[in-house]
Amino acid sequence: MGTRHEPAAYVEAVLDVVELIPAGKVMSYGAIAEYLADRFDRGSARRVGTIMALHGGSVPWYRVVNAVGRLPPGHEITARRQLAAEGVTFRGERVNMTAHAWFPADGR
DNA sequence: ATAATGACAAGAA
DNA sequence: CTTCTTGCCATTA
């Protein structure tokens, strides 16, 4: 649907979604791209990752992890500390996605 | 215009 | 579990 692909608008949309993620929950790059797919034609996990790398500093970036729960390269220490403080549990190096993966719409 | 490069993802082996 | 291959899309060289 939505045939819109304004770069700035997409960046804004991504950051907005990240701000919606509740403490103690996480979303994957792919989930964010999937959620925005309704309103933006061009979008991808790849794109969301790039956006987070460049503009993630203004939002709770540590609540965004990859599909298997791995933390963003170069920021594992900080991210893990933040998440642990919010009650997120880990399975080795990975976030326990089964317990903390979150998606809008369903509220929660 | 082609090629390489990413805070990615899913499937095959 | 690890590695490789495809598909993805913007950016940079």
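One structure accompanies this document, and this report is about it. (Residues numbered from 1 in each chain as written. Chains lettered and ligands numbered in written order. Predicted model: local features only at pLDDT ≥ 70, side-chain atom pairs only at ≥ 80, totals over all residues. Heavy atoms only, no water.)

### A word on the overall build of chain A
Then, number 1: Secondary structure summary: chain A contains five helices and four strands in total.
Then, number 2: Beginning at the N terminus, the succession of helices and strands in chain A can be written as α-β-α-α-β-α-β-β-α.
Then, number 3: Taken over C-alpha atoms, the radius of gyration comes to 13 Å for chain A, in line with the 13 Å a tight globule of 108 residues would show.
Then, number 4: When the backbone C-alpha atoms are referred to their principal axes, chain A occupies close to 40 × 30 × 20 Å.
Then, number 5: When burial is assessed residue by residue, chain A has 37% of its 108 residues classed as buried.
Then, number 6: Counting only contacts in chain A whose residues sit at least 6 apart along the sequence, the fraction spanning at least 24 positions is 64%.
Then, number 7: When the accessible surface of chain A is summed, it comes to about 6,300 Å², and 53% of that surface belongs to carbon and sulfur atoms. (Helix = DSSP H or I, 4+ residues; strand = E, 2+ residues; numbered from the N terminus. Rg over C-alpha atoms; globule rule 2.2 N^0.38 Å. Buried < 20%, exposed > 50% of the residue type's maximum accessible area, 1.4 Å probe, protein only. Contact = heavy atoms within 4.5 Å. Areas by Shrake-Rupley, 256 points an atom, 1.4 Å probe, with all protein chains shown as cover.)

### As for the environment of Leu36
Then, number 1: Residue position: Leu36 is located in helix 2 (residues 29–36).
Then, number 2: With 65 residues separating them in the primary sequence, Leu36 and Ala101 have C-alpha atoms 17 Å apart.

### A look at the protein's contact with DNA strand B
Then, number 1: Taken together, the neighbourhood of DNA strand B is formed by 14 residues, with Tyr29, Gly30, Arg46, Asn66 and Ala67 sitting nearest.
Then, number 2: By atom count, sugar and phosphate contribute 37% of the portion of DNA strand B lying within 4 Å of the protein.
Then, number 3: In this structure, Gly30 approaches DNA strand B through a main-chain N or O atom, which is 3.1 Å from a phosphate oxygen.
Then, number 4: Contact distances for DNA strand B include 2.5 Å between a base nitrogen and a side-chain N or O atom of Arg46.
Then, number 5: Mapped onto the surface near DNA strand B, the elements with two or more residues apiece are helix 2 and helix 3 (45–55). (Near = heavy atom within 4 Å. Polar contact = N/O pair within 3.5 Å; in protein donor to acceptor, adjacent residues only side chain to side chain.)

### Thoughts on the side chain of Ser28
Then, number 1: Tracing the backbone shows Ser28 in strand 1 (residues 27–28).
Then, number 2: For Ser28, a relative accessible area of 13% gives the class buried.

### Overview of the layout of surface pockets
Then, number 1: Here the largest pocket defines a volume of roughly 210 Å³.
Then, number 2: Looking at the largest pocket, the residues that line it are Tyr29, Gly49, Met52, Ala53, Gly56, Gly57, Trp61, Val64, Pro72, Pro73 and His75.
Then, number 3: At three residues, helix 3 tops the list of elements feeding residues into the lining of the largest pocket.
Then, number 4: In terms of residue class, the lining of the largest pocket is built from seven nonpolar, four polar and no charged. (1 Å grid on protein atoms, 1.4 Å probe; cavity = no way out; pocket = protein on both sides within 12 Å on 5 of 7 lines; lining within 4 Å. Points joined across faces, edges and corners; volume = space filled by probe spheres on them. Nonpolar A, V, L, I, M, F, W, Y, C, P; charged D, E, K, R; others polar.)

### Looking at the nonpolar core
Then, number 1: Among the nonpolar cores identified, the biggest contains 21 residues, and Tyr10, Val14, Val18, Ile32, Leu36, Val48 and Met52 are the most heavily contacted of them.
Then, number 2: Elements with a contribution of two residues or more to this core: helix 1 (7–20), helix 2 and helix 3.
Then, number 3: Ranked by residue count, the leading element in this core is helix 1, at seven residues.
Then, number 4: When near neighbours in sequence (up to four residues on either side) are disregarded, Ile32 contacts Val14, Val17, Val18, Met27, Val48 and Val64.
Then, number 5: Ranked by size, the runner-up nonpolar core spans ten residues in total, among them Val26, Val65, Leu71 and Val88. (Core = buried A, V, L, I, M, F, W, Y, C linked by side-chain atoms within 4.5 Å.)

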